[in-house]
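# Inside the fold
Okay, here's what each chain looks like letter by letter:
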Amino acid sequence: MNYTKQIQDIAAKLFAEGKIDVFVGYRMNGFDDNQVPVLIKDPQDVSKLVFTDKSVFNLVNYLKTDHTRRKRVGLVVKGCDSRSLNLMLTESQVKRENLYVVGICCEGVVDEAAQKMQNCVECVVSDAVVYDELLGAGGTLSGSIKPYKVNADVAALAAKPLTERTAYFEEVFENCIRCNACRHSCPLCYCAKCCIDQETSTLYNGANTTSAAFHALMTWSLHLAGRCVDCRNCEKACPSHLPLHLLHKQNESVIYENFQEHLAGVIPEDRGAFYKYSLKDPDDFIM
Amino acid sequence: MSVETFVTDKAGLQKFYEAIMASHETYAPVEKFGKFDFKQVRSLSECDPESPISKTQSIKPLFFPRSAKVMKYVATSAGTEVSEVDEDPLAVKRVILGAKHCDARALQVLDKVYNWDYIDTDYQKRRENTVIISTRCDKADTHCFCNSLDYDVENMVAMDVLVVHGTDGKVYIKARTDKGDEFLNSDVPFPASRVPNEVAAPELKKQYDAFAGSFRLKMDYKEVNARLSKIFDTPEFENVSGNCVSCNTCAFVCPTCHCFKISDEKVKDTGVRYKSYDSCNNGYFTLMAGGHNPRPVKYRRWRQRAMHKFVYYKERFGENLCVGCGKCTNACPVNISIFEVVNQVATSG
């Protein structure tokens, strides 16, 4: 998977035609063979752009920063990234007419040890679902949804007794340092004032106690239930290497099972699992 | 201070560590989820004092905890009663194993601010009661640049006891402070021969030279200090901070960052007030009660971070607020390097 040439050409063309103010892509980090995101404003810099299986970070995150707000933006999205972009569009966070989206038919990206990432192995929608231009040999959208399987780690953990699971998660919350990097690197966490930033609330104070970490991470994962697209930006940002995907993938599998096989952001304009209300919704769990 | 260096081998060093754990409250790097953090340990099997620098958190939380109780309070109809918190668990006599040189140095830098207008007695107590044992690295990591900064990595006295793995396969253990000297000569028996310092010196020098030759990054900090102080208004800050996602993790893992916030954990009428880490990259960091924010955009916050590290702290305390450990770059989801940032800005105009 190497679309470096095509993306450079597209970006150069967009700048030449005056269609964009900034192009968001990837560049080499300058010290090893890994890549970092780059925001290109000067057309002369388009030669810095690259795209290979090392292009990991979900660039939709940059649509919520000062650098792109109220600007015309060119953007590269893989399958999972495009799903989060779909949600940003549905939730009215960005305007479609301000974007020029280069979609990728993704074959999976690799981590720093050159191993294919777990979310790519389990990926259900690898082709970009929203784009102006599609790179790579992908099928149509309907043909490209692969069968959904419960995440391997979630399944392994679910097989363990409750006490063991409790102990495992206690360890996770104990090792959280409350830097909130997971939230900031998540493309779908765009609230101007996050509820876990309240300085004087009972549950989500800024302290780094295990209980505060528990409440912050659980609230965060519940706000992303039915929205998380499994891009794993959060996990890559976590300085303690916490297995944050467990929280999201657990929610995802429950929602898939109970909400007509709902997958976040796959269908444009889809209002999502928790946006819809029907009188026929089951309520037998309410006493 | 002692004129002798202890010479032993790898097995002797293990015995040394075991003897310490048997008789002292000991903190050492413990692996959790692939990262090492300093925790209290009782045996060598729980920890790895030689943990890789790129995966190890700093020792700062043992002196300036990520969250510390400041006070407790109870609201009654007669008013609010404030009480002292329980005893500080970090203020007991203790030993830290496997601290990196850069982390030890960071405490020297922090001492300046903690001994400034307000003397933080909790911090002082923790410092006084701790013996720091630091192993010199054999090889610089990708983002290390400690020997480019304003401290002498070879001869520094930031740690109490220095451990060096010589190129000859022997292990050299040497006191660097009186506290370290007293510690080595007290109740930590381990098999070692003693040689005069001058005899061990050539091997220590040889090891240091090999280490110093392995740095990828080199910079002239004086040049950076001088240039940065003149270009506050350069647009380059906007370029270098472009792909920052403002996640704040750099400040949380930094061994020298010391900004904090105050928050309350309260249940009904009783509460505990906490002092916890904060970061100047946070959008609301400078937000005032009236709603004004003097640093409303990302590049201004980044400028503050770079300037505080290489200009303001230097002007006020004579030290850079950066020890070149590379932790921020390792932790950063988009690999922004403070090294690159300050160099790029300093050479921009």
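Note that the structure is a prediction, hence the values are computed from the model and not measured. (Residues numbered from 1 in each chain as written. Chains lettered and ligands numbered in written order. Predicted model: local features only at pLDDT ≥ 70, side-chain atom pairs only at ≥ 80, totals over all residues.)

To continue, consider the overall build of chain A. Along the backbone of chain A there are nine helices and five strands. Reading the helices (α) and strands (β) of chain A from amino to carboxyl end gives α-β-β-β-α-β-α-β-α-α-α-α-α-α. Taken over the C-alpha trace, chain A has a radius of gyration of 20 Å; the compact-globule value for 287 residues is 19 Å, and the two agree within 12%. When its C-alpha atoms are laid out on the principal axes, chain A stretches across 60 × 45 × 35 Å. (Helix = DSSP H or I, 4+ residues; strand = E, 2+ residues; numbered from the N terminus. Rg over C-alpha atoms; globule rule 2.2 N^0.38 Å.)

The helix and strand inventory of chain B stands at 11 helices and 12 strands. What you see for chain B is a C-alpha radius of gyration of 22 Å, in line with the 20 Å of a compact globule of 349 residues. Each principal axis of the C-alpha atoms in chain B carries an extent, and together these give about 65 × 60 × 40 Å. Among the 349 residues that make up chain B, the fraction classed as buried is 44%. Of all intrachain contacts in chain B linking residues separated by at least 6 positions in sequence, the fraction that spans at least 24 positions is 73%. (Buried ≥ 20, exposed ≤ 12 C-beta atoms within 10 Å, placed from the backbone. Contact = placed C-beta atoms within 7 Å.)

Take the pairing of strand β1 (residues 4-8) of chain B next. Residue and element names in this part refer to chain B. Note that β1 and strand β10 (residues 193-196) share four bridges and pair antiparallel. What sits directly across from Thr-5, in β10, is Val-195. Alignment of β1 against strand β9 (residues 171-175), held across three bridges, turns out to be antiparallel. In the sheet register, Phe-6 faces β9, and the bridge partner there is Ile-173. (Pairing = 2+ DSSP bridges.)

Looking at where Met-219 of chain B falls in the secondary structure, it is placed in the loop between α5 (197-212) and α6 (221-228). When the C-alpha atoms of Met-219 of chain B and Val-342 of chain B are compared, they prove to be 9.9 Å apart, with 123 residues separating the residues in sequence.

Listed per partner, the contact involves 39 residues of chain A and 31 residues of chain B. Among the elements that make up the side of chain A that touches chain B, the one with the highest residue count is strand β2 (residues 35-40) of chain A (four residues).

Looking now at the sheet that holds β2 of chain A. Residue and element names in this part refer to chain A. As summarised here, the arrangement of the five strands in space is β2-β1-β3-β4-β5, forming an open sheet in which the pairing is mixed. Each end of this open sheet is capped by a strand with a single partner; those strands are β2 and β5 (133-135). Sheet twist, expressed as the average angle between the axes of neighbouring strands with direction ignored, equals 30 degrees. Note that strand β1 (residues 22-28) and strand β3 (residues 73-77) share three bridges and pair parallel. Looking at the pairing, Val-22 lines up with Val-73 of β3. (Axes fitted to C-alpha atoms, helices over the stretch in contact; angles between N-to-C directions.)

Next up on the list: the domain arrangement of chain B. All names here are of chain B. Domain boundaries assigned for chain B yield domain 1 (4-212) and domain 2 (221-346). A separation of 25 Å is found between the C-alpha centroids of domain 1 and domain 2. Between domain 1 and domain 2, the residue contacts involve 32 residues of the former and 28 residues of the latter. When residues in the side of domain 1 that touches domain 2 are grouped by element, the largest group, nine residues, is from strand β4 (residues 67-76). For the side of domain 1 that touches domain 2, a count of residues per class yields 16 nonpolar, six polar and 10 charged. (Domains from an automatic or database assignment. Nonpolar A, V, L, I, M, F, W, Y, C, P; charged D, E, K, R; others polar.)

Adjacent strands of a sheet pair through backbone hydrogen bonds, lying either parallel or antiparallel. All names here are of chain B. Strand order in the open sheet formed by four strands is β5-β4-β12-β11, with antiparallel pairing between adjacent strands. The sheet terminates laterally at β5 (79-83) and β11 (260-267), the two strands that pair on one side only. This sheet shows a mean twist of 25 degrees between the axes of neighbouring strands, independent of strand direction. Pairing between β11 and strand β12 (residues 270-277): eight bridges, direction antiparallel. Opposite Ile-262, over in β12, you have Lys-275 as the bridge partner.

Glancing now at the packing of α6 of chain B against helix α9 (residues 298-317) of chain B. Residue and element names in this part refer to chain B. Running from amino to carboxyl end, α6 crosses α9 at an angle of 95 degrees, the nearest separation of the two axes being 9 Å. Overall, the two elements α6 and α9 adopt an arrangement that is roughly perpendicular. When α6 is examined against α9, the residues Val-224, Asn-225 and Leu-228 are found in contact with a partner set consisting of Ala-306, Met-307, Phe-310, Val-311 and Lys-314. Grouping the constituent residues of the contact of α6 with α9 by class yields six nonpolar, one polar and one charged. (Parallel < 35°, antiparallel > 145°, perpendicular 65-115°, else oblique.)

What follows deals with the nonpolar core. In this structure, Ile-96, Ile-133 and Val-342 of chain B are the most contacted members of the largest nonpolar core, which totals 163 residues. Among residues more than four places away in sequence, those in contact with Ile-133 of chain B are Val-95, Ile-96, Leu-97, Ala-99, Met-159, Asp-160, Val-161 and Val-163 of chain B. (Core = buried A, V, L, I, M, F, W, Y, C linked by C-beta atoms within 7 Å.)

Before going further, it helps to examine unusual backbone geometry. Of all residues except glycine, most have a negative phi; of all peptide bonds, most are trans. Despite not being glycine, Ser-92 of chain A shows a phi value in the positive range, around 60 degrees. Residue position: Ser-92 of chain A is located in the loop between α2 (79-90) and β4 (99-104). The exposure class of Ser-92 of chain A is exposed, given the 7 C-beta atoms found within 10 Å. Positive phi values are uncommon outside glycine, yet Phe-33 of chain B reaches one of about 55 degrees. Examined against the element boundaries, Phe-33 of chain B turns out to sit in the loop between β2 (25-32) and β3 (35-41). By the C-beta count within 10 Å, which is 13 here, Phe-33 of chain B ends up partly exposed.

Residue and element names in this part refer to chain A. As far as domains go, chain A holds domain 1 (4-144) and domain 2 (152-258). Taking only C-alpha atoms into account, the centre of domain 1 sits 25 Å from that of domain 2. With 15 residues of domain 1 in contact, the opposing surface of domain 2 contributes 11 residues. The element best represented in the side of domain 1 that touches domain 2 is α2, accounting for six residues. Residues of the side of domain 1 that touches domain 2, tallied by class, amount to seven nonpolar, five polar and three charged.

All names here are of chain B. The element strand β6 (residues 94-99) is extensively covered by neighbouring structure, given that five of its six residues are classed as buried. As judged from the three bridges shared by β2 and β6, these two strands associate in the parallel manner. Across the sheet, residue Tyr-27 finds its bridge partner in β6, namely Ile-96.

Residues and elements named next belong to chain A. The end-to-end C-alpha distance of helix α9 (residues 245-258), which contains 14 residues, comes to 20 Å, matching closely the 20 Å that a straight helix rising 1.5 Å per residue would cover. All of the buried residues in α9 are His-245, Leu-246, Leu-247, His-248, Lys-249, Glu-252 and Ile-255. Lining the buried residues of α9 we find α4 (152-158), α7 (210-223) and α8 (233-237). (Expected span 1.5 Å × (residues − 1).)

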